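# Summary of the model geometry
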Amino acid sequence: MLFLTIAVCALLFTLFKSLKAKRAAGVSHAEVLADPARASQFGLVPNQGLVLGRTTVDDDARIALSAVRDGSWREAAAYIEAAGTDWDERWSRTELFVNQAAHDDGWLNAWRMEQPENSDAAALHVEALVHAGWAIRGSGYANTVTDEMRDGFRRKLQQATEAAAEAVALAAPADPSPYLAQLALARGDNWSNDDFRMFWAKAVKRAPLNRDAHWQAMQYWCRKWHGSNDLMHAFVDEAIAAAPAGSLLGTLKLDAYEEQYDDAASRTSAELRAAVDAVLADIAAARPDHPELPAARGRVVRFLAGQGRHAEALAQFQALGPVIPAPFLGDPDEFVELRARTVVALSR
């Protein structure tokens, strides 16, 4: 009887420890860095000082965004035009207005009516139509798309196709905007692999280091759309090999692994560790004012945490300062929690 009592107690103790461990694993550590002293100890900004979104949206951008919400297009036109022939910056500025144009295009239609030969307005029109089409369709697999959603999607893509021909004709020869606006169209409109390759050659010639363009192309080549895992990785590897150090295109490899594996952030394969190492080297070589640098740090820190590389993750969090970058814009709480768990892991 004594033996049985001891055995039961031992079993209960083991179960208690297991349950306690499971509860601890599920407990949020986010409040750890609400304490300014604790945050300062690790060279981090406390939770209260974090800011969401891209840090390059300046006062002129805010004024222009406010103006289009009030129905005025002139401020947006001037803001985009001010980028001159820095084509990546010009497209980045154009994209700031896509959501508003897709939601309410009255101001964009007024711009197009008054300046019918303006290439920025034409490219934005294409992107807004594509964006509106995808909003109708949704991001789910084909079996989740109703006939009504599919018909609305097709109508918008047809309109975008017609608008794209005009946008290409209006744009300067070196301007990639009308090509970048069509990349998501190619995926939704089921372009053949050969047609996409020919189109991509034109786009990448004009925007050789544009990350958003490469991400859209990677999506085209992924298994769920018009390619396979092998084709997706081949595209990404070729793009990275052709890019100079510090381009930050190395993060595409992390995107490809996330596309291929649901639990990519927790994988510790030699290939994935090598991809993370390559991104860290790319980050170290990037110019300090590279517009994609915060997003690159945000992408790599997920993988560092999943691989137990907490000290390296902390260095990225420190470099980010107060910024909550992509890919955490949709879930900033994940970023707050990940920072805190990194600190807890390093405190043990």
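Residues numbered from 1 in each chain as written. Predicted model: local features only at pLDDT ≥ 70, side-chain atom pairs only at ≥ 80, totals over all residues. Heavy atoms only, no water.

What the rule picks out here adds up to 19 salt bridges. The salt bridge partner of Glu-166 is Arg-112, with a shortest N-O separation of 3.3 Å. Placement of Glu-166 in helix H9 (residues 147–170) and of Arg-112 in helix H7 (residues 106–114) is noted, with a sequence separation of 54 residues between them. On the basis of relative accessibility, which here comes to 14%, the residue Arg-112 falls in the buried class. (Salt bridge = Lys/Arg side-chain N within 4 Å of Asp/Glu carboxyl O. Helix = DSSP H or I, 4+ residues; strand = E, 2+ residues; numbered from the N terminus. Buried < 20%, exposed > 50% of the residue type's maximum accessible area, 1.4 Å probe, protein only.)

Turning our eyes to something else, we now look at H9. Its 24 residues give H9 an end-to-end C-alpha distance of 35 Å, which sits within 8% of 34 Å, the value for a rise of 1.5 Å per residue. Those residues of H9 not exposed but buried are Gly-152, Phe-153, Leu-157, Ala-160, Ala-163, Ala-164 and Ala-167. At its buried positions, H9 is contacted by helix H8 (119–137), helix H10 (177–180) and helix H11 (183–188). (Expected span 1.5 Å × (residues − 1). Contact = heavy atoms within 4.5 Å.)

In this structure, Val-126, Val-130, Leu-183, Phe-196, Trp-200 and Phe-235 are the most contacted members of the largest nonpolar core, which totals 39 residues. Taken together, the elements giving at least two residues each to this core come down to H8, H9, H10, H11, helix H12 (193–206), helix H13 (211–221), helix H14 (229–242) and helix H15 (251–260). The residues touching Trp-200, leaving out its near neighbours within four places in the chain, are Leu-183, Ala-213, His-214, Ala-217 and Phe-235. (Core = buried A, V, L, I, M, F, W, Y, C linked by side-chain atoms within 4.5 Å.)

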